[in-house]
Amino acid sequence: MEKKKSSWLAWLVAIVLVAGTVGSYIYIKHEEGIRAVKLAKEKKRDEHDAKINARMMKKQREHLRKPVEWNKPSETLPYPEIAKYRHYSKLNRVWLSFSLAKQRLYVHQGPFTIYTMYAYGNPNYHEMSNRQKTPLGTFKIKKSRGVNYYDAPSGKKYAAWVSYSVPENHYGIQPMLEAVPTDGAGKVDKEAVKCLGKSFKHKHVAQTNGAIWLTTSDAEWLGKNIPAGTMIVIQDKGDKSDPYMALKNYYEYLETQAKFDHKNKEKDHHNED
């Protein structure tokens, strides 16, 4: 009797295990199917957005002012209206990126580039002083901004400037987007103007103290229109990756960090109890 009972229990356990395995397999396959469909939709959407963005950037390149005029907008097209995007979800708001390879500052809205600006930042050569290197990474535009800043030690004047968050180990650099310098009388530094929008293969031509130079008009527009908290992605000359992916990765990192911090707080609270 006991033997039959044991045999019956063994069969029951086996059936339960098989059912559980089959159920898990079906569930996993179902989830994989949902994920595959989601990824396929995301890929299709990304490809669609990339085509639109390519057309937008082509139009902007065609309307870049040539030659560069230091006190005028980089494009002959009007500046974009920023205010209408302020209530969009964070990945679809306005953000900025700067490419050391192309020496361009781009104004983006989500995956789209809505304006292109001539710019200049010091390339990050190993033999350069750390004070001169343009910071690389993802930062936030700050509230600090202004016009007609005069730097007494250098005797240079900047018609407009906007600061962004100071990176770690900043070595005394000036993390700013600023107009090309002029002297106290307003006469522009011609060597600085020559740098705007140009990528040099040799050591830096002009010393920006880590700042990114722009035309006066572009710097003034940024100061008036780009709100504090706007993200800016700064890429090295060898970085050819999509800056939008860098922005996405940054937000994912923040979300992961927030969850980790929350769990630690709950753990600490539990231990205190």
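Criteria and cut-off values
Residues numbered from 1 in each chain as written. Predicted model: local features only at pLDDT ≥ 70, side-chain atom pairs only at ≥ 80, totals over all residues. Heavy atoms only, no water. Core = buried A, V, L, I, M, F, W, Y, C linked by side-chain atoms within 4.5 Å. Buried < 20%, exposed > 50% of the residue type's maximum accessible area, 1.4 Å probe, protein only. Helix = DSSP H or I, 4+ residues; strand = E, 2+ residues; numbered from the N terminus. Contact = heavy atoms within 4.5 Å. Patch = residues over 30% accessible without salt bridge, like charges linked within 9 Å, V, L, I, M, F, W, Y side chains within 5 Å. Areas by Shrake-Rupley, 256 points an atom, 1.4 Å probe, with all protein chains shown as cover. Salt bridge = Lys/Arg side-chain N within 4 Å of Asp/Glu carboxyl O. Pairing = 2+ DSSP bridges. Phe/Tyr/Trp six-rings, centres within 6.5 Å; stacked < 30°, edge-to-face > 60°. Axes fitted to C-alpha atoms, helices over the stretch in contact; angles between N-to-C directions.

### What to know about the nonpolar core
Next up, step 1: In this structure, Val-107, Leu-177, Leu-222 and Ile-232 are the most contacted members of the largest nonpolar core, which totals 27 residues.
Next up, step 2: Element by element, the count of residues in this core is highest for strand β3 (residues 112-120), at 4 residues.
Next up, step 3: When sequence neighbours within four positions are dropped, the list of residues in contact with Ile-232 reads Leu-96, Leu-105, Gly-137, Thr-138, Phe-139, Ile-141, Tyr-164 and Leu-177.

### Remarks on a nonpolar patch on the surface
Next up, step 1: On the surface, a cluster of nonpolar side chains totalling about 420 Å² of accessible area is made up of Val-18, Val-22, Tyr-25 and Ile-26.
Next up, step 2: With respect to the element layout, Ile-26 can be found in helix α1 (residues 2-62).
Next up, step 3: Exposure remark for Ile-26: the relative accessible area of 54% places this residue in the exposed category.

### A look at the pairing of strand β8 (residues 231-235)
Next up, step 1: Most of β8 is tucked away: 5 of the 5 residues are buried.
Next up, step 2: Here β8 shows no split at all, with Met-231, Val-233 and Gln-235 on one side and Ile-232 and Ile-234 on the other all buried.
Next up, step 3: Pairing analysis gives 4 bridges linking strand β1 (residues 94-99) to β8, with the strands arranged parallel. In the strand pairing of β8, Ser-97 is matched with Val-233.
Next up, step 4: In terms of strand pairing, strand β4 (residues 137-151) meets β8 through 4 bridges, oriented antiparallel. Directly across from Phe-139, in β8, lies its bridge partner Ile-232.

### Considering the environment of Glu-220
Next up, step 1: As for its placement among the helices and strands, Glu-220 is situated in helix α3 (residues 216-225).
Next up, step 2: Expressed as a C-alpha distance, the spacing of Glu-220 and Glu-178, which sit 42 residues apart in the sequence, is 8.5 Å.
Next up, step 3: In this view, Glu-220 contacts Ala-159 and Ala-160; residues no more than four positions away in its chain are not counted.

### Focus on the packing of aromatic side chains
Next up, step 1: For the structure on display, the rule yields 9 aromatic pairs.
Next up, step 2: Aromatic side chains Trp-95 and Tyr-244 sit 5.9 Å apart centroid to centroid with 25 degrees between the ring planes, which places their arrangement in the stacked category. Of this pair, Trp-95 sits in strand β1 while Tyr-244 is found in helix α4 (residues 243-272), placing the two residues 149 residues apart along the sequence.
Next up, step 3: Taking relative accessible area as the criterion, Tyr-244 reaches 11% and is therefore assigned buried.
Next up, step 4: With a centroid separation of 6.5 Å and an interplanar angle of 25 degrees, the aromatic rings of Tyr-115 and Trp-221 are classed as stacked. Pair noted here: Tyr-115 is in strand β3 and Trp-221 is in helix α3, with a separation of 106 residues, a long-range link.
Next up, step 5: Here the aromatic cluster, defined as three or more aromatic residues joined through ring pairs, consists of Tyr-79, Tyr-115 and Trp-221.

### Some remarks on the pattern of salt bridges
Next up, step 1: A full pass over the atoms with the stated rule returns 3 salt bridges.
Next up, step 2: A salt bridge links Glu-255 to Lys-90; its shortest N-O distance comes to 3.1 Å. Here Glu-255, found in helix α4, pairs with Lys-90, found in the loop between α1 and β1; they are 165 residues apart in sequence, far enough to count as distant.
Next up, step 3: The class for Glu-255 is partly exposed, based on a relative accessible area of 40%.
Next up, step 4: Look at Lys-90 and you get partly exposed, because its relative accessible area is 34%.
Next up, step 5: A salt bridge links Lys-194 to Glu-191; its shortest N-O distance comes to 3.4 Å. With Lys-194 and Glu-191 both in helix α2 (residues 190-195), this residue pair falls 3 residues apart, about one helical turn.
Next up, step 6: The class of Lys-194 is partly exposed, set by a relative accessible area of 47%.

### Examining the sheet that holds β4
Backbone hydrogen bonds hold the strands of a sheet together, and the pairing may be parallel or antiparallel.
Next up, step 1: With respect to topology, 8 strands assemble into a closed barrel ordered β1-β2-β3-β7-β6-β5-β4-β8, the strand pairing being mixed. Strand-to-strand, the axes of this sheet are offset by a mean angle of 40 degrees, without reference to chain direction.
Next up, step 2: Pairing of β1 with strand β2 (residues 104-109) involves 6 bridges; the strand directions are antiparallel. Across the sheet, residue Ser-97 finds its bridge partner in β2, namely Tyr-106.

### Some details on unusual backbone geometry
With the exception of glycine, most residues fall at negative phi, and the peptide bonds are largely trans.
Next up, step 1: Of note, the amide linkage connecting Lys-66 to Pro-67 takes the cis form, showing an omega dihedral of 0 degrees.
Next up, step 2: Within the secondary structure, Pro-67 is located in the loop between α1 and β1.
Next up, step 3: Positive phi, normally seen in glycine, also occurs at Asn-148, with a value near 50 degrees.
Next up, step 4: Within the secondary structure, Asn-148 is located in strand β4.

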